[in-house]
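# Inside the fold
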Amino acid sequence: YQRRVHGEIVPEEDRVFEHEGGRCIVDDMSLPLVAGSTIDYVSELIGSEFKVLSNPNSAQSCSCGSSFAPK
């Protein structure tokens, strides 16, 4: 599975996290909203995706898991 970044990674504004060959790129403005989150690659019958398993900065999230309300 591969996703590509459209545009340039700006070292002054973006943080790149790498683990076991995977990379996650987060911009500085979003970093406080996702700091401490756990993400995983999930394969299911309906498809495969990167999924946020837990986010300590989330007060609640939608049922599909694609958005959340920050604390």
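So, a few notes on the structure that sits alongside this text. None of these values were measured; they are calculated from a predicted model. Each chain has its residues counted from 1, running along the sequence as written. Reporting in this predicted model follows two pLDDT cut-offs: at least 70 for local features of residues, and 80 or more for side-chain atom pairs to be given and counted; totals over whole chains, interfaces and linings ignore these cut-offs and use all residues. Only hydrogens and water are set aside; all other atoms, that is, all heavy atoms of the structure, feed into the side-chain values.

Working definition: helices are DSSP H or I runs of at least four residues, strands are E runs of at least two. Numbering for both runs from the N terminus. For the protein, the count of helices and strands is one helix and six strands. Overall, the protein shows an N-to-C arrangement of helices and strands of β-β-α-β-β-β-β. Along the longest, intermediate and shortest principal axes, the C-alpha atoms of the protein span 35 × 30 × 20 Å. Of the contacts formed within the protein by residues at least 6 apart in sequence, a portion of 9% connects residues at least 24 apart. To be clear on the numbers: accessible area is Shrake-Rupley with a 1.4 Å probe, and residue cover counts the displayed protein chains and nothing else. About 6,100 Å² of surface is accessible on the protein, with carbon and sulfur atoms providing 52% of the total. Positive and negative side-chain charges in the protein, numbering 6 and 11 respectively, have mean positions lying 4 Å apart. Only heavy atoms matter for contacts: two residues are in contact if any of them lie within 4.5 Å across the pair. Charge assignment in this entry is limited to Lys and Arg as positive and Asp and Glu as negative, and neither His nor the chain termini are counted. Note on charges: their place is set at NZ of Lys, CZ of Arg, CG of Asp or CD of Glu.

Another point: the pairing of strand E3 (residues 38-44). Sheet topology places E3 next to strand E4 (residues 47-54); seven bridges connect them, and they run antiparallel. The residue bridging Ile-39 from the neighbouring strand is Val-52, located in E4. Here, strands pair whenever DSSP counts at least two bridges between them. Taken together, E3 and the strand that follows it, E4, pair antiparallel across an intervening segment of two residues.

It is worth spelling out unusual backbone geometry at this point. Despite not being glycine, Glu-20 shows a phi value in the positive range, around 50°. Take Glu-20: it is sitting in the loop between strand E1 (14-19) and strand E2 (22-27). Only protein chains enter the accessibility calculation, which uses a 1.4 Å probe; a residue whose area is less than 20% of its type maximum is buried, one above 50% is exposed, and one in between is partly exposed. Under the relative-accessibility criterion, Glu-20 is labelled exposed at 76%.

Quick look at the environment of Ser-37 now. Mapped onto the fold, Ser-37 is located in the loop between helix H1 (31-34) and E3. When the C-alpha positions of Ser-37 and Arg-15 are compared, they lie 14 Å apart, and in sequence the two are 22 residues distant. Setting aside anything within four residues of it in sequence, one finds Ser-37 in contact with Val-52, Ser-54, Asn-55 and Pro-56. Identification of polar contacts relies on pairs of N or O atoms within 3.5 Å, with a donor-acceptor requirement for protein atoms, meaning one able to donate a hydrogen and the other able to accept it, and with residues adjacent in sequence counted only if both atoms are side-chain atoms. A polar contact is formed between the side chain of Ser-37 and the side chain of Asn-55, at a distance of 3.3 Å.

Next up on the list: the state of the cysteines. When the sulfur atoms of two cysteines come within 2.5 Å, that pair is taken as a disulfide. Throughout the structure, instances matching the rule amount to zero disulfides. Considering cysteine sulfurs only, Cys-62 is the nearest to Cys-24, which forms no disulfide, with 18 Å between them. Among the residues examined, Cys-24 registers a relative accessible area of 27% and is labelled partly exposed. Assessed through its relative accessible area of 26%, Cys-62 is described here as partly exposed.

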